[in-house]
Amino acid sequence: MKLSCRDLGFRYAGATHPVFDRLNLTLTEPGFNAIFGPSGVGKTTFAKILMGAVDGYRGRLTLDGLAPCLYAYNLERLPGWSTVGRHLERICPSERQGLLKELVGLFGLEKILNSRFSELSLGQKNRASLIRYLLQDFRLLIMDESLANVDEATRRQIILRIKEIFADRLFLYISHNLMEVATFCKEVVVFPSSDKPSGARAVRGQDLTRGREIDASALNQTMLEIVNAA
């Protein structure tokens, strides 16, 4: 598998400045990776370019062995005509019913399966929506703030287990949480603020897995490198 872009740039029609310019990065291994940076630097635009939802970019983009590519985002909605449990069962392939049951328990959603989507909290909505994507075939899953409004302990539990279940898949996790991306991600691709002329820079994260501890000084050093890159 390979995700690569060379001198990638994008400017919205009528805009004075590009959203990003001369973006270069390469990811060749499965794992949990992050796209990190301040608001307005093009993280979501980049994700939509990867999905083919935005064209008109400059430069070269390669997605090799990463289809299907899926995009899960914050505040996405499920249909309102059925309960959450019924919807998940309808879209779940028969051979993945066991995975569905595990994910519902992992995400802490057992008690809301008979509720309609509109009755859920924001965190419950994001978790229910993310399950839909994890039940599908994918090689690349972009998670655009898709665990926003989820408490820290539950987020940690979800991320660590996702890394185990889908060890052969590539994830791009878009988040504003510095400690989170430094702790859990293998590579943190930092989109710098718009006043910096350089392109994105990849910082090696701590890539926490279950049963392993992270040295506090090493985590602090990683966070410092990310902040400097941004």
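Small disclaimer: the values here were computed from a predicted structure and weren't measured. (Residues numbered from 1 in each chain as written. Predicted model: local features only at pLDDT ≥ 70, side-chain atom pairs only at ≥ 80, totals over all residues. Heavy atoms only, no water.)

Core analysis: the biggest nonpolar cluster contains 49 residues, and Phe107, Ile131, Leu134, Leu141 and Phe171 have the highest contact counts within it. For phenylalanine 171, the contacting residues outside a window of four places in its chain are Gly31, Phe32, Asn33, Leu134, Phe138, Leu141, Met143, Ile162 and Phe166. Formed by 27 residues, the second largest nonpolar core is a distinct cluster that contains Leu50, Leu66, Leu172 and Ala200. (Core = buried A, V, L, I, M, F, W, Y, C linked by side-chain atoms within 4.5 Å. Buried < 20%, exposed > 50% of the residue type's maximum accessible area, 1.4 Å probe, protein only. Contact = heavy atoms within 4.5 Å.)

The N-to-C vectors of helix H2 (residues 84-91) and helix H4 (residues 122-134) enclose an angle of 10°; their axes lie 10 Å apart at closest approach. Regarding the angle of H2 to H4, the classification is roughly parallel. Here H2 contributes Val84, His87, Leu88 and Ile91 to the contact with H4, which in turn contributes Ala128, Ile131 and Arg132. (Axes fitted to C-alpha atoms, helices over the stretch in contact; angles between N-to-C directions. Helix = DSSP H or I, 4+ residues; strand = E, 2+ residues; numbered from the N terminus. Parallel < 35°, antiparallel > 145°, perpendicular 65-115°, else oblique.)

Strands in a sheet are paired, the pairing made by backbone hydrogen bonds, and the direction either parallel or antiparallel. As summarised here, the arrangement of the six strands in space is E5-E6-E7-E3-E8-E9, forming an open sheet in which the pairing is mixed. Since the sheet does not close on itself, it has two edges, and those belong to strand E5 (69-73) and strand E9 (201-204), each with one partner. Each strand axis lies, on average, 20° off the axis of its neighbour in the sheet, ignoring direction. Judged from the five bridges that link them, strand E3 (residues 31-36) and strand E7 (residues 170-174) form a sheet pairing that is parallel. (Pairing = 2+ DSSP bridges.)

This paragraph deals with the packing of helix H3 (residues 97-106) against helix H5 (residues 152-165). Packing of H3 against H5 leaves a shortest axis separation of 10 Å and a crossing angle of 155°. Between H3 and H5, the angle is such that the two are roughly antiparallel. Contacts between H3 and H5 involve Leu99, Glu102, Leu103 and Leu106 on the former and, on the latter, Gln157, Ile158, Arg161 and Ile165. Residues that form the contact of H3 with H5 fall into these classes: five nonpolar, one polar and two charged. (Nonpolar A, V, L, I, M, F, W, Y, C, P; charged D, E, K, R; others polar.)

In this section: the side chain of serine 115. Here serine 115 shows up in the loop between H3 and H4. In contact with serine 115, other than residues within four places in its own chain, are Thr83, Val84 and Leu120.

Keep in mind that these numbers describe shape and distance, not what the molecule does.
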